[in-house]
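If you want the building blocks of each chain, they are given just below.
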Amino acid sequence: MRKNRSAALAAASFLLLTGAGIAAAPTAYAGTPGGTHADDRNSDFNGDGYEDVLVGAPGATVSGAKGAGLVTVQYGSTRGIGTTNVARFSQSTSGVSGAAEAGDGFGKAVATGDLDGDGYDDAVIGIPGEDLGDTADAGGVAILWGSKEGLKGAASDWLQTQEPTKGEQFGAGLAAARFTAETPGDLLAVMGRYGVELFAYDAAPQARGEAPLRRQAVERLAKAAGERHIQPKSLTTGDYDDNGYADLVVSGVTLGDEEPGHGWSVQYAGGADGLAYKNELRGGPAAASGDINNDGYDDLVTGEPASPDDGGETMTGGLVGVRYGTADGLLDEAKWWTQDAAGVPGVAERGDGWGADLSVADTNGDGYADVAIGAPGEDIGAVADAGAVWVLRGSENGMTATGAKSFDQDTADIPGVPEKGDKWGAQVRLTDPNRDGRSGLLAAAPGENAGDGFVWTLSADSGGVTASGTWSFGAATLGAPATGAAFGAAIDE
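Computed from a prediction, not measured in an experiment: that's the story for all the values here.

Visitor: What should I look at first to understand the sheet that holds strand β17 (residues 299–304) in this one?
Guide: Backbone hydrogen bonds hold the strands of a sheet together, and the pairing may be parallel or antiparallel. The strand order across the open sheet built from four strands is β16-β17-β18-β21, with neighbouring strands paired in antiparallel fashion. With partners counted over all chains shown, the strands left at the sheet margins are β16 (286–290) and β21 (335–337), one partner each. Each strand axis lies, on average, 20 degrees off the axis of its neighbour in the sheet, ignoring direction. Bridging between β16 and β17 involves five bridges; their strand directions are antiparallel. Residue S289 lies in a different strand from β17, and its bridge partner there is L300.

What follows is the structure in structure tokens.
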């Protein structure tokens with residue numbers, strides 16, 4: 001519980017996105033370290049040029065408080081990530097604001113960006129279950145600043161919404177990117193149940209030693225009210241028109257009496273003057289971005305793991321959509337995929353959750369970004385909801401089933417066995433922590449070991465992601481409390 005407000009970030013604007021059809025949001029995406037390139041998504045906290053990996057364990061028991069939560073950081077190197085060069089943070093870490101309390105969910109959402117423009121990426125940790133005084137689940141955000149030595153809790157900062165309300169869950173969704181030329185570092189978008197706030201770093205001293213609190217007019221965002229009322233579930237950023245500024249996509253599902261539960265997204269275009277509402281797009285609630293056809297424009301991938309059909313029944317299997325970027329931004333038309341598409345391994349079955357999480361990056365070094373697709377509800381044989389992951393390749397013509405692969409805990413060389421409710425693939429991330437130009441796969445199973453959670457590391461070679469040499473790790477492996485931790489429930493993109 002917190003009673004006081006402090007910040008080294010200034011509130012640049014409050015986007016009441018309910019005016020643009022947005023109501024709430026619970027997950028995370030990050031981009032643009034260093035504030036230099038809109039489509040650069042490294043997570044390099046110590047500035048050594050290697051991607052680091054930030055994993056949330058929001059269910060972890062910390063200082064005796066169940067569900068207080070924690071995060072771990074594994075620093076990249078020539079050998080990738082391991083289990084020794086690791087840091088752990090929670091609200092019991094010296095310097096981190098607040099105190100570890102039951103149900104806080106520290107690490108339920110995580111993001112990365114170079115907020116102060118110093119060349120070191122910073123970690124943003126969502127704490128949506130945080131109580132502020134007597135206001136339950138108002139939520140908050142912790143900022144862990146990057147440095148030559150990596151992340152440090154001692155210099156952390158705290159953010160909260162200006163007028164906390166019960167159940168707001170501020171910090172349930174996070175994104176950082178270079179949306180505008182107005183600030184030297186990345187802007188941070190923080191989502192709660194009632195809207196989105198943008199924060200910009202400002203080191204100007206104040207009378208009480210606090211950073212100034214600045215608000216920007218956002219009429220251009222709120223005035224274009226969307227046709228649909230959308231319950232956001234995820235954020236992604238990408239430079240879809242290659243103008244040098246990141247765009248923001250808020251993905252979710254429709255609310256109301258007319259066609260509820262369908263995946264839709266709202267796009268905000270970045271530019272020299274900041275973000276501006278652009279349009280609504282079919283697809284969601286999961287989303288990720290990258291340049292699949294290597295034409296210089298980021299593309300948008302959306303996942304709809306459980307969408308009702310016209311009769312109100314849950315759609316079989318799951319649906320993944322791809323929209324390609326152009327000089328004018330994302331195309332209106334999407335290419336839709338299911339497990340029943342030609343060349344895609346497996347068969348679409350009710351409850352698979354295909355598309356529940358997504359990640360986009362180049363796995364074989366050919367210049368085309370590939371797409372990892374998680375299906376945590378996939379049954380492996382007779383084992384229900386064991387989970388699986390697919391990787392579909394990028395090409396000159398976009399995403400293709402040629403060379404598509406699928407992996408699960410029954411795949412040769414992958415440790416462990418499929419178990420009911422593991423939800424392997426609930427979180428996926430393609431990452432290149434050894435900087436060899438090929439992104440391997442992190443596949444998380446937060447349900448593993450009755451909710452302890454584990455993450456599997458699959459490497460990549462000239463053929464893309466491979467199961468050969470796969471290894472796994474959990475919270476205990478990294479020196480953190482493991483029981484019921486839901487380790488891997490969030491992995492920074």
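Visitor: I would appreciate a short explanation of the sheet that holds strand β3 (residues 70–74) in the present structure.
Guide: Strand order in the open sheet formed by four strands is β4-β3-β2-β32, and the pairing between neighbours is antiparallel. Every interior strand has two partners, whereas the edge strands, β4 (86–89) and β32 (490–491), have only one. Pairing between strand β2 (residues 53–57) and β32: two bridges, direction antiparallel. Looking at β32, one finds that G56 is bridged to A490.

Visitor: Looking at this structure, I do not really get the packing of aromatic side chains. What am I missing?
Guide: Geometrically, a pair of aromatic rings is defined through the distance of the ring centres and the angle of the planes. What the rule picks out here adds up to eight aromatic pairs. When the centroid spacing of 5.9 Å and the interplanar angle of 75 degrees are considered together, the rings of Y268 and Y277 count as edge-to-face. Through a chain of ring-to-ring contacts, three or more aromatic side chains come together here, namely W424, F454 and W456. Its guanidinium or amino end placed over the ring of W337, K335 lies 5.4 Å from that ring's centre, counting from NZ or CZ. Against the face of Y50 rests R435, its NZ or CZ located 4.4 Å from the ring centre.

Visitor: I tried to follow the pairing of strand β8 (residues 152–159) on my own but got confused; where do I start?
Guide: The side chains of a regular strand alternate, residue by residue, between the two faces of the sheet. Note that strand β7 (residues 140–145) and β8 share four bridges and pair antiparallel. Opposite A142, over in β8, you have W158 as the bridge partner. In textbook terms, the turn of a hairpin is the stretch between consecutive antiparallel strands, and for β7 and β8 this stretch comprises six residues, one of which, G150, has a positive phi near 95 degrees.

Visitor: What's the story with the environment of A372 in this structure? I'm lost.
Guide: With respect to the secondary-structure elements, A372 resides in strand β23 (residues 370–375). It is 9.5 Å that separates the C-alpha atoms of A372 and A443, two residues lying 71 residues apart in sequence. Aside from chain neighbours lying at most four places away, what touches A372 is D357, L358, S359, W390, V391, V428, L430 and L441.

Visitor: What should I look at first to understand the pattern of salt bridges in this one?
Guide: In the structure shown here, the tally under the stated rule is four salt bridges. Measuring nitrogen to oxygen at the nearest pair gives 2.8 Å for the salt bridge that ties R282 to E304. A residue pair is termed long-range when its members are at least 10 positions apart, and R282 in strand β15 (residues 276–282) and E304 in strand β17 qualify at 22 residues. The shortest N-O distance in the salt bridge between R393 and D370 comes to 3.8 Å. In this pair, R393 sits in strand β24 (residues 388–393) while D370 sits in strand β23, placing the two residues 23 residues apart along the sequence. For the residue pair R393 and D370, the accessibility class agrees, reading buried in each case.

Visitor: Help me understand the environment of W158 in this model?
Guide: With respect to the helices and strands, W158 occurs in strand β8. Sequence separation between W158 and I125 is 33 residues, and the spatial gap between their C-alpha atoms is 9.8 Å.

Visitor: How should the pairing of strand β9 (residues 173–177) be read in this particular structure?
Guide: For β9, the buried fraction is high: five of the five residues fall into the buried class. Where burial is concerned, the two faces of β9 agree: the one with G173, A175 and A177 and the one with L174 and A176 are both buried. With five bridges connecting them, β9 and strand β10 (residues 187–192) associate as antiparallel partners. If you follow G173 over to β10, its bridge partner there is M191.

Visitor: I would appreciate a short explanation of the side chain of E448 in the present structure.
Guide: Note on placement: E448 falls in helix α2 (residues 448–451). Buried and without a salt bridge, E448 has K423 as its closest oppositely charged side chain, separated by 12 Å.

Visitor: Mind showing me how you'd approach the nonpolar core here?
Guide: Considering soluble globular proteins, one finds that nonpolar side chains tend to be buried as a cluster. Counting 24 residues, the largest nonpolar core has W337 and M399 as the members making the most contacts within it. Elements with a minimum of two residues in this core: β16, β18 (319–323), β22 (357–361), β23, β24 and β25 (400–407). Excluding residues within four positions of it along the chain, W337 makes contact with G318, L319, V320, V322, V344, W354, L392, M399, T400 and A401. I81, A475, F487 and I491 belong to the second-largest nonpolar core, a separate cluster that totals 21 residues.

Visitor: It is not clear to me how the side chain of T400 should be interpreted in this structure. Could you clarify?
Guide: Position of T400 relative to the elements: it lies in strand β25. At 3.0 Å, the side chain of T400 forms a polar contact with the backbone nitrogen of T402. For T400, the residues in contact, after removing those within four places along its chain, are W337, L392, R393 and S395.

Conventions and cut-offs
- Here the residue numbers are simple positions, counted from 1 along each chain's written sequence.
- Local features in this predicted model are restricted to residues of pLDDT 70 or higher, and side-chain atom pairs are both shown and tallied only at a pLDDT of 80 or more, whereas totals for entire chains, interfaces and linings draw on every residue.
- Side-chain measures were taken over the full set of non-hydrogen atoms in the model, leaving aside hydrogen atoms and water.
- Any two strands with at least two DSSP bridges between them are considered paired.
- Secondary structure elements are defined from DSSP: runs of H or I of at least 4 residues count as helices, runs of E of at least 2 residues count as strands, and each element is numbered from the N terminus.
- Between N-to-C directions, angles span 0 to 180 degrees; the directions come from axes that are lines fitted to C-alpha atoms, helices contributing only their stretch in contact.
- Each Phe, Tyr or Trp ring (for Trp, its six-membered ring) is paired with any other whose centre lies within 6.5 Å, and the angle between the two planes then decides the class: stacked below 30 degrees, edge-to-face above 60, tilted in between.
- Either the NZ atom of lysine or the CZ atom of arginine qualifies as a charge over a ring when it sits within 6 Å of the ring centre and within 35 degrees of the ring normal.
- Contacts between residues were defined by any pair of non-hydrogen atoms, one from each residue, lying within 4.5 Å.
- Here, a salt bridge means any Lys or Arg side-chain nitrogen found within 4 Å of an Asp or Glu carboxyl oxygen.
- Relative accessible area decides the class of each residue, using a 1.4 Å probe on protein chains only: under 20% of the type maximum gives buried, over 50% gives exposed, and in between gives partly exposed.
- Charged residues are defined here as Lys and Arg on the positive side and Asp and Glu on the negative side; His and the ends of the chain fall outside this count.
- Take the buried Ala, Val, Leu, Ile, Met, Phe, Trp, Tyr and Cys residues and link them wherever side-chain atoms come within 4.5 Å; each set so joined is a nonpolar core.
- Two N or O atoms count as a polar contact when they lie within 3.5 Å, although within protein this holds only if one can serve as hydrogen donor and the other as acceptor, and sequence-adjacent residues are included solely when both atoms are side-chain atoms.

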